[in-house]
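Given next are the chains, with one letter for each unit.
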Amino acid sequence: MPGGAGPLVLVEGLSFQRGSRTVFDSLDISMAKGEITAVLGPSGVGKTTLLKLIGGELRPDRGRVVVGGDEVHRLSRSRLYAMRRRMGVLFQAGALFTDLDVFDNVAFPLREHTRLSEELIRNIVLLKLEAVGLRNARHLWPRELSGGMARRVALARAIALDPEIVLYDEPLAGQDPISAGMLVALMRQLNDSLGLTSIVVTHDVEEIAGIADTMHVLSGGRCIASGPPEEIRGSAEPSVRQFIQGLPDGPVPFHFPGPPIAEDLLGMAAGGPAAAARA
């Protein structure tokens, strides 16, 4: 991907709908080269959808997504595939192939996208597994791995082709505190040592705030706050404060919108099905 002084990933005026539901409404976000950028927000706000738009899996209704100077949804198929080969993805559930052992899971993208010899592939796989601390687990099967180990194998596979960008989809979901701490430390270490640009979508504020350079908070289809972790933590914006502090009610309501319960109960008592049955 070509370099430049601007952001490596630029989301500009992005609007996207799923059916009648608006996911993004004129969303603007930029992500700098070499940084770990965290995209935060409650469940259902569109974090994973944003990754799919960046990777060209989905097309925006309006606006644009620019990666390395290229507008993603205007690329030809061959150029889109070439761009994707410069991206590594850590899927939310790891998505390891259950019928391949650890070694072959990491080797898969190398065999699929390169013509390297098996000897060279072996050396690369061992180096990637060494980077995540699992070289000596290369003969294990996914069913024999703990949740944290499986996530680290998936990370080794994500960096197998030496990508420029790594997309993390809820990397800490379902992880115990030790595994989560190990993963975030590994993400920071790999980002810096390999010169990566990391984009992490998550709702785990405390863990990711310790390694992120920039944080964006999404709500209502837009980015409502952007900045370094300390700035986001100190935000006075009610929606940001509710999410950061984990408050059960606020701009994001606890109750699904609709009529008050009194209307339902009184309506039933006055002339609803129960009243009709009694009559």
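Residues numbered from 1 in each chain as written. Predicted model: local features only at pLDDT ≥ 70, side-chain atom pairs only at ≥ 80, totals over all residues. Heavy atoms only, no water.

**Observations regarding the sheet that holds strand β5 (residues 70-71)**
Pairing within the open sheet is antiparallel, and its 4 strands lie in the order β2-β1-β4-β5. Of all strands in the sheet, those bounded by a partner on one side alone are β2 (21-31) and β5. In the sheet, strand β1 (residues 9-18) pairs with β2 via 7 bridges, with the strands oriented antiparallel. Along β2, the bridge assignment pairs Leu 10 with Ser 30. Running over the sheet, helix α1 (residues 47-54) touches β1, β2 and β4 (62-67) and is turned about 65 degrees from β2. (Pairing = 2+ DSSP bridges. Helix = DSSP H or I, 4+ residues; strand = E, 2+ residues; numbered from the N terminus. Contact = heavy atoms within 4.5 Å. Axes fitted to C-alpha atoms, helices over the stretch in contact; angles between N-to-C directions.)

**A word on unusual backbone geometry**
With a phi angle near 50 degrees, Asp 162 is a residue other than glycine that sits in the positive phi range. For Asp 162, the position within the fold is in the loop between α5 (147-158) and β7 (165-169). Phi is positive for Glu 170, which is not a glycine, with a value near 45 degrees. Structurally, the position occupied by Glu 170 is in the loop between β7 and α6 (177-193). Owing to a relative accessible area of 7%, Glu 170 belongs among the buried residues under this scheme. (Buried < 20%, exposed > 50% of the residue type's maximum accessible area, 1.4 Å probe, protein only.)

**Focus: the environment of Arg 84**
Structurally, the position occupied by Arg 84 is in helix α2 (residues 77-84). Residues Arg 84 and Gly 56, 28 residues apart in the sequence, show an inter-C-alpha distance of 8.4 Å. Once residues lying within four places of it in the same chain are set aside, the contact partners of Arg 84 are Gly 55, Gly 56 and Glu 57. Within the structure, the side chain of Arg 84 is placed 2.8 Å from the backbone oxygen of Gly 55, a separation counted as a polar contact. (Polar contact = N/O pair within 3.5 Å; in protein donor to acceptor, adjacent residues only side chain to side chain.)

**Here we look at the packing of aromatic side chains**
One pass over the structure, following the stated rule, counts 1 aromatic pair. Ring centres 4.8 Å apart and planes at 50 degrees place the aromatic pair Phe 97 and Phe 108 in the tilted group. Placement of the pair is Phe 97 in the loop between β6 (87-90) and α3 (102-113) and Phe 108 in helix α3, with a sequence separation of 11 residues. Its relative accessible area of 33% is what places Phe 108 among the partly exposed residues. (Phe/Tyr/Trp six-rings, centres within 6.5 Å; stacked < 30°, edge-to-face > 60°.)

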